[in-house]
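An overview of the molecular structure
Single-letter residue listing:
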Amino acid sequence: MRFLPEAKPWNIPPSLLPTARAWATYVRNDLLSVAAQTIFFSSLSILGKCELRFDTAHDFGNWLTGRRTIKKLAKELGGATFGDALRSVRRTVPPLSDWDLADHEFQLSYDCMSRFGEIDDEATASVAIGRGIQSLVLLAARVDAQVPEYDASLLADEFLKGYPVNLQSFRRHALNEWQSLSIPSLVGWLVRDWGINTHLRIALRKLRQNPQATFRVQPTEQGLLVEDEVPPPVPTNPRLRQGIQVLRDLGCIMESGPESTPALTSLGQSLLAGVVGE
């Protein structure tokens with residue numbers, strides 16, 4: 001069963017279920033992305049204001065692990081290790097249908113973005129990092145070991161190798177090596193491996209194709225340096241506007257005015273009926 005906001009059941013025609021599953025994967029991937037961005041960008045806020053020198057991501061991650069504000073997160077997350085926190089959340093995981101609950105992953109994702117906007121020191125940055133970790137714990141609690149994260153027809157394994165922060169790698173880490181990591185050690189791991197090191201690899205790869213650098217942090221002779229402006233965590237653009245424009249160009253939808261909701265034309269209704277078998 002799938003649900004709309006306010007836990008309203010959404011009955012999807014069988015022919016459209018594969019599309020619904022693909023969108024569910026997209027949304028889950030987006031929630032993971034926002035959580036990872038929040039942890040990484042919040043750590044850069046701390047790094048940018050720190051007067052200490054860190055030559056590597058490993059150095060900074062280890063230092064962050066020992067900070068009092070980061071150590072406090074274990075108590076807030078309900079467990080000393082990621083595995084402890086995960087077992088605790090599994091006992092109280094909110095129903096997937098109740099989008100509006102404060103501890104639902106949708107609301108946690110919004111809270112991640114909100115908390116990042118409130119950062120002005122190490123303490124508030126650590127709070128945002130905590131929200132990111134909380135999101136990861138809840139996403140891990142939703143993992144169904146019997147269902148693959150990506151349908152084979154959606155993404156090839158070769159593609160995922162270039163983007164290590166994905167649902168497949170998340171499942172592997174969350175159900176294995178992260179289990180025994182203390183919460184501070186997990187923060188250090190995420191900042192180092194999924195944060196700085198992954199960012200540098202992707203930014204270098206982009207530089208081969210685009211002369212405009214996208215580095216948010218760079219290794220220099222003075223150690224790791226953060227760019228002046230750290231971007232906020234944001235969800236990806238699902239390209240819905242482009243899809244709607246295609247339907248409009250094909251004459252499948254029309255609007256009576258600039259503020260009106262698109263409505264199906266007779267052609268659009270005919271094509272939809274053909275898809276759903278009506």
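Use the structure listed above.
Residues numbered from 1 in each chain as written. Predicted model: local features only at pLDDT ≥ 70, side-chain atom pairs only at ≥ 80, totals over all residues. Heavy atoms only, no water.

Digging into the pairing of strand S3 (residues 217-220)
What counts, and what does not: Whether two strands pair comes down to DSSP finding at least two bridges between them. For the purposes of this entry, the term helix denotes a DSSP run of H or I that reaches at least four residues, the term strand denotes a run of E that reaches at least two, and both are numbered from the N terminus.
Taken together, the four bridges between S3 and strand S4 (residues 223-226) define a ladder with antiparallel strand orientation. Residue pairing in the sheet places Val 217 in a bridge with Val 226 of S4. Taking the residues that link successive antiparallel strands as the turn, the S3-S4 hairpin has two residues.

Describing helix H5 (residues 82-92)
What counts, and what does not: We call a residue buried when its accessible area falls under 20% of the maximum for its residue type, exposed when it is over 50%, and partly exposed in between, using a 1.4 Å probe and counting protein chains only. What the arc covers is the set of directions going from the helix axis to the C-beta atoms. Any two residues having at least one pair of non-hydrogen atoms within 4.5 Å are treated as being in contact.
Regarding H5, the residues found buried are Phe 82, Gly 83, Ala 85, Leu 86 and Val 89. Along the axis of H5, the buried residues cluster in a sector spanning 155°; they form a single face. Relative to its buried face, H5 has exposed residues pointing more than 90 degrees away, namely Arg 91 and Thr 92. Contacts from the buried residues of H5 go to helix H4 (73-77), helix H7 (122-141), helix H9 (167-174) and helix H10 (183-209).

Focus on a nonpolar patch on the surface
Rule in force here: Patch definition: residues with relative accessible area over 30% and no salt bridge; like charges joined within 9 Å; nonpolar side chains (Val, Leu, Ile, Met, Phe, Trp, Tyr) joined within 5 Å. Only the protein chains shown count as covering a residue, and every accessible area follows the Shrake-Rupley method with a 1.4 Å probe. Salt-bridge detection follows one rule: a side-chain nitrogen of Lys or Arg within 4 Å of a carboxyl oxygen of Asp or Glu.
Nonpolar side chains collect at one region of the surface, where Trp 23, Leu 240 and Ile 244 lie side by side and expose about 270 Å² of accessible area between them. Along the polypeptide, Trp 23 turns up in helix H1 (residues 17-49). Classification of Trp 23 by relative accessible area gives partly exposed; the value is 37%.

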